[in-house]
Amino acid sequence: MKESHGAEFAEPASVHGPGRAPAGMPLTIRLGEREYAALVRIARSRETTAATLVEQLVLHALSKTEVPPPADSHPARRHTTYEEATAGFSRDEPAHTAPDM
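Being a predicted model, the structure only gives us computed values, none of them experimental.

Participant: Would you take a moment to explain the packing of helix α1 (residues 33-45) against helix α2 (residues 50-63) for this structure?
Facilitator: Helix-helix packing is characterised by the crossing angle of the two axes and by the distance between the axes. Running from N to C, α1 and α2 point in directions that differ by 95°, and their axes come no closer than 8 Å. Taken together, the axes of α1 and α2 lie roughly perpendicular to each other. Counted together, Leu39, Val40, Ile42 and Ala43 of α1 and Ala50, Leu53 and Val54 of α2 form the full contact between these two elements. Taken together, the residues that form the contact of α1 with α2 break down as 7 nonpolar, no polar and no charged.

Participant: Help me understand the nonpolar core in this model?
Facilitator: Where a protein is soluble and globular, its nonpolar side chains tend to be buried together. Leu31, Leu39, Val40, Ala43, Ala50, Leu53 and Val54 together form the largest nonpolar core, which totals 7 residues. Elements with a minimum of two residues in this core: α1 and α2. For Leu53, the residues in contact, after removing those within four places along its chain, are Leu39, Ile42, Ala43, Arg46 and Thr48.

Participant: Could you clarify how one ought to interpret the pattern of salt bridges in this entry?
Facilitator: For side chains of opposite charge, pairing can occur when their charged atoms come near one another. Counted according to the given criterion, the structure contains 1 salt bridge. Between Glu84 and Arg78 there is a salt bridge, with its nearest N and O atoms 3.2 Å apart. Under the relative-accessibility criterion, Glu84 is labelled partly exposed at 41%. Here Arg78 falls in the exposed class, since its relative accessible area comes to 60%.

Participant: Looking at this structure, how should I read α1?
Facilitator: An α-helical segment advances 3.6 residues per turn. Residues three or four places apart therefore align on the same side. For α1, which comprises 13 residues, the first-to-last C-alpha distance of 18 Å matches the rise-based estimate of 18 Å (1.5 Å per residue) to within 8%. For α1, the full list of buried residues reads Leu39, Val40 and Ala43. Take α1 and look down its axis: the buried residues cluster within an arc of 100°, on one side only. Opposite the buried face of α1, by more than 90 degrees, sit the exposed residues Arg34, Arg41 and Ser45. The elements touched by buried residues of α1 are α2. Of the residues one or two after α1, Glu47 is the one with positive phi, at around 55°.

Participant: What exactly am I supposed to notice about unusual backbone geometry here?
Facilitator: Peptide bonds are, in most cases, trans, and in most cases residues other than glycine have a negative phi. Despite not being glycine, Glu47 shows a phi value in the positive range, around 55°. In this structure, Glu47 sits in the loop between α1 and α2. For Glu47, a relative accessible area of 76% gives the class exposed.

How each quantity is defined
- Residues numbered from 1 in each chain as written.
- Predicted model: local features only at pLDDT ≥ 70, side-chain atom pairs only at ≥ 80, totals over all residues.
- Heavy atoms only, no water.
- Axes fitted to C-alpha atoms, helices over the stretch in contact; angles between N-to-C directions.
- Helix = DSSP H or I, 4+ residues; strand = E, 2+ residues; numbered from the N terminus.
- Parallel < 35°, antiparallel > 145°, perpendicular 65-115°, else oblique.
- Contact = heavy atoms within 4.5 Å.
- Nonpolar A, V, L, I, M, F, W, Y, C, P; charged D, E, K, R; others polar.
- Core = buried A, V, L, I, M, F, W, Y, C linked by side-chain atoms within 4.5 Å.
- Buried < 20%, exposed > 50% of the residue type's maximum accessible area, 1.4 Å probe, protein only.
- Salt bridge = Lys/Arg side-chain N within 4 Å of Asp/Glu carboxyl O.
- Expected span 1.5 Å × (residues − 1).
- Arc of directions from axis to C-beta.

Below you can see the structure in the form of structure tokens.
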């Protein structure tokens, strides 16, 4: 948590709740000191945490919003295997050392 610059929630509350999706997606929210204090007061009055309150707000907003389909993207070029990448090269010979006398 930053002192006067706001707070960051780097981990969703769903990580800790039973029966919820594991890990979820990281979310960063930057709030000013006054906004963060108000969020904490609201959370305490509802006997919950600020992280849970933010998660509920985001999930509610997402349930009311149309989500566009995933973009149809393709890689710029096909994957090159190790064998293809090293086909023109020969293996290095181990260095021979002179016997100790």
